[in-house]
Amino acid sequence: MGIERTVRLSFSADARAAGTHTNLSAVRSDGPVLWVAGDETATVERLVADDAGDYAGQTTFRLADLVDLPGEDDDEEADVEGLARHGDFLWAVGSHSLRRKRIKDAHEGDKALRRLAKVSGQANRQVLVRLPVATVDGLPTPVRELTVDGVAHRAAVFGAHGDDLRDLLADDEHLAPFLPIPGKDNGLDVEGIAVAGDRVFLGLRGPVLRGWAVVLELRPEVHPDHPGRLRLQPFPDGRGYRKHVLRMAGLGVRDLCPHGDDLLVLAGPTMDLDGPVRVYRWHDALTVEVPQVVRGEALTRELELPFGDGDDHAEGIGLVGEDRLLVVYDSPAPARLHEHGVDADVVRLPAR
């Protein structure tokens, strides 16, 4: 599918210095603004649309200014890989992944192998965050607390206190064996989020199990004793999550985006590969409330997206209007970069 047009995303000097524009991992449109996040910070960025359909006027919102984060350093990266906008809230999710050190060009022999053996995690990656959104100076703005119809809603987090998602998966028959494995090695790696009512869907880039990608469903609620914390309502089997599996030709989930009663699924390789990259439609995903094995007519391929050679990795999709998707890229090709930021793509969805 060809690119219909490009959209210019402009960032502040500080955001460009942090590399946010070259590490975009999530996007969600919200009326006059665009929410984006990079995977190297613990922030969410707001961009404002201009008359030409581009986005500028970027503002940074630090997660640590709104919720308690588990990391010792508030600015330790949260590896935000998904954003969702539903009702009065903006949601953000960290990758929950481990990482393996890279071999750099200057490394040879034993030193290269020692680096490749080092695996580490970061506490701020293990969070699911729900931020109230108020209108401030005419624009949607994350705040620490919002009162709606006399009820106060606090910014709240799951994973900063007590068990986090990795703890809950520790005895899972499918996913537990992959918890010690780094995300880019087909280990656990959350890379998409969608919210509908009280249901939160988390798409996993990995693991992919014999060609089947995994989507977790959660039902978070505010902890009755701690309004700044979320806890998970149990499903009928007693677990705090439900699993769905999707057959996408061996690809993992790179993002999720609601479209009516359906979920659009950005799919790409779980390993360190360039492509293929596709958008699938999971039909009626938001209306069926049982574990699903999704294939055949329930899961249709909608788009093939372009990808580069070592660059232009599609990481986030967001609706623009009713029938178009905005696509943002990690490691953008040099041709995408401009003085103030980076270009994203707009593609048209096929008619349903």
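About the thresholds
- Residue indices follow the written sequence of each chain, beginning from 1 at its first position.
- Local features in this predicted model are restricted to residues of pLDDT 70 or higher, and side-chain atom pairs are both shown and tallied only at a pLDDT of 80 or more, whereas totals for entire chains, interfaces and linings draw on every residue.
- Computation of side-chain values: all heavy atoms of the structure, hydrogens and water removed.
- Exposure above 30% relative accessible area and the lack of any salt bridge qualify a residue for a patch; like charges then connect within 9 Å, and the nonpolar side chains Val, Leu, Ile, Met, Phe, Trp and Tyr within 5 Å.
- Only the protein chains shown count as covering a residue, and every accessible area follows the Shrake-Rupley method with a 1.4 Å probe.
- The working definition used for a salt bridge is a side-chain nitrogen of Lys or Arg within 4 Å of a carboxyl oxygen of Asp or Glu.
- We score Asp and Glu as negative and Lys and Arg as positive, and we do not count His or the chain ends.
- A charge is said to be at NZ when it belongs to Lys, at CZ for Arg, at CG for Asp and at CD for Glu.
- In this text, helices come from DSSP runs of H or I with a minimum length of four residues, and strands from runs of E with a minimum of two, each type numbered from the N-terminal end.
- For two strands to be treated as a pair, DSSP must find no fewer than two bridges joining them.
- It only takes one pair of heavy atoms within 4.5 Å for two residues to be counted as in contact.
- Definition of a polar contact: a pair of N or O atoms within 3.5 Å, with one able to donate and the other able to accept a hydrogen when the atoms are protein atoms, and with sequence-neighbouring residues admitted only if both atoms are side-chain atoms.
- With a 1.4 Å probe rolled over the protein chains alone, any residue whose accessible area is under 20% of its type maximum counts as buried; one over 50% counts as exposed, and the rest are partly exposed.
- Any pair of Phe, Tyr and Trp rings, taking the six-membered ring for Trp, is counted once the centres come within 6.5 Å. Such a pair is stacked with planes under 30 degrees apart, edge-to-face with planes over 60 apart, and tilted for the rest.
- Either the NZ atom of lysine or the CZ atom of arginine qualifies as a charge over a ring when it sits within 6 Å of the ring centre and within 35 degrees of the ring normal.

Enquirer: Would you mind going over a positive patch on the surface in detail, with residue names and values included?
Expert: Together, Lys101, Arg102, Lys104, Lys111, Arg114 and Lys118 line one region of the surface with positive charge. Within the fold, Lys104 resides in the loop between strand 8 (99–100) and helix 2 (109–116).

Enquirer: Mind laying out the sheet that holds strand 24 (residues 293–294), listing which residues take part and the relevant values?
Expert: For sheets, the rule is that strands pair by backbone hydrogen bonds, running either parallel or antiparallel. Strand order in the open sheet formed by five strands is 15-16-17-20-24, with mixed pairing between adjacent strands. Of all strands in the sheet, those with a lone pairing partner are strand 15 (189–196) and strand 24, marking the two edges. Sheet topology places strand 20 (residues 242–247) next to strand 24; two bridges connect them, and they run parallel. Residue pairing for strand 24: Leu246 is matched across the bridge by Val294.

Enquirer: Tell me what's going on with the environment of Asp312, and back it up with residues and numbers.
Expert: Among the secondary structure elements, Asp312 is positioned in the loop between strand 25 (299–305) and strand 26 (313–320). The spacing of Asp312 and Ala15 is 297 residues in sequence and 19 Å in space, taken between C-alpha atoms. Beyond its immediate chain neighbours, meaning those up to four positions away, Asp312 contacts Pro306, Phe307, Tyr329, Asp330, Ser331, Pro332, Ala333 and Arg336. Within the local environment of Asp312, its side chain forms a polar contact with the backbone nitrogen of Ala333, the two atoms lying 2.9 Å apart.

Enquirer: Describe the pattern of salt bridges, listing the residues and the values that go with them.
Expert: Following the criterion strictly, the structure yields 31 salt bridges and no others. Close ionic contact of Arg100 with Asp185 constitutes a salt bridge, the shortest N to O distance being 2.8 Å. Of this pair, Arg100 sits in strand 8 while Asp185 sits in the loop between helix 3 (165–168) and strand 15, placing them 85 residues apart in sequence. Take Arg100: its relative accessible area is 32%, and that puts it in the partly exposed class. Assessed through its relative accessible area of 29%, Asp185 is described here as partly exposed. Between Lys243 and Asp172 there is a salt bridge; the shortest N-O distance is 2.8 Å. Of this pair, Lys243 sits in strand 20 while Asp172 sits in the loop between helix 3 and strand 15, and the two are 71 residues apart along the sequence. Salt bridges linked by common partners bring Arg199, Glu217, Arg219, Arg242 and Glu289 together as one network.

Enquirer: Before we move on, can you summarise the pairing of strand 13 (residues 151–154) with the specific residues and values?
Expert: Strand direction decides the pairing type here: strand 12 (residues 145–148) and strand 13, joined by four bridges, are antiparallel. When the bridges of strand 13 are listed, Leu146 appears paired with His153. Between the end of strand 12 and the start of strand 13, which pair antiparallel, lie two residues, with Asp149 showing a positive phi angle near 50°.

Enquirer: Describe the packing of aromatic side chains, and please don't skip the residues or the numbers.
Expert: Applying the stated criterion across every chain, the model contains two aromatic pairs. Plain terms: the ring middles of Phe201 and Trp282 are 6.2 Å apart, the flat faces sit at 80° to each other, and that makes the pair edge-to-face. In this pair, Phe201 sits in strand 16 (residues 199–206) while Trp282 sits in strand 23 (residues 277–282), placing the two residues 81 residues apart along the sequence. Positioned above the aromatic ring of Phe89, the side-chain terminus of Arg130 is 3.9 Å from the ring centre. Across from the ring centre of Tyr329, 3.9 Å away, lies the NZ or CZ of Arg336, which sits over that ring.

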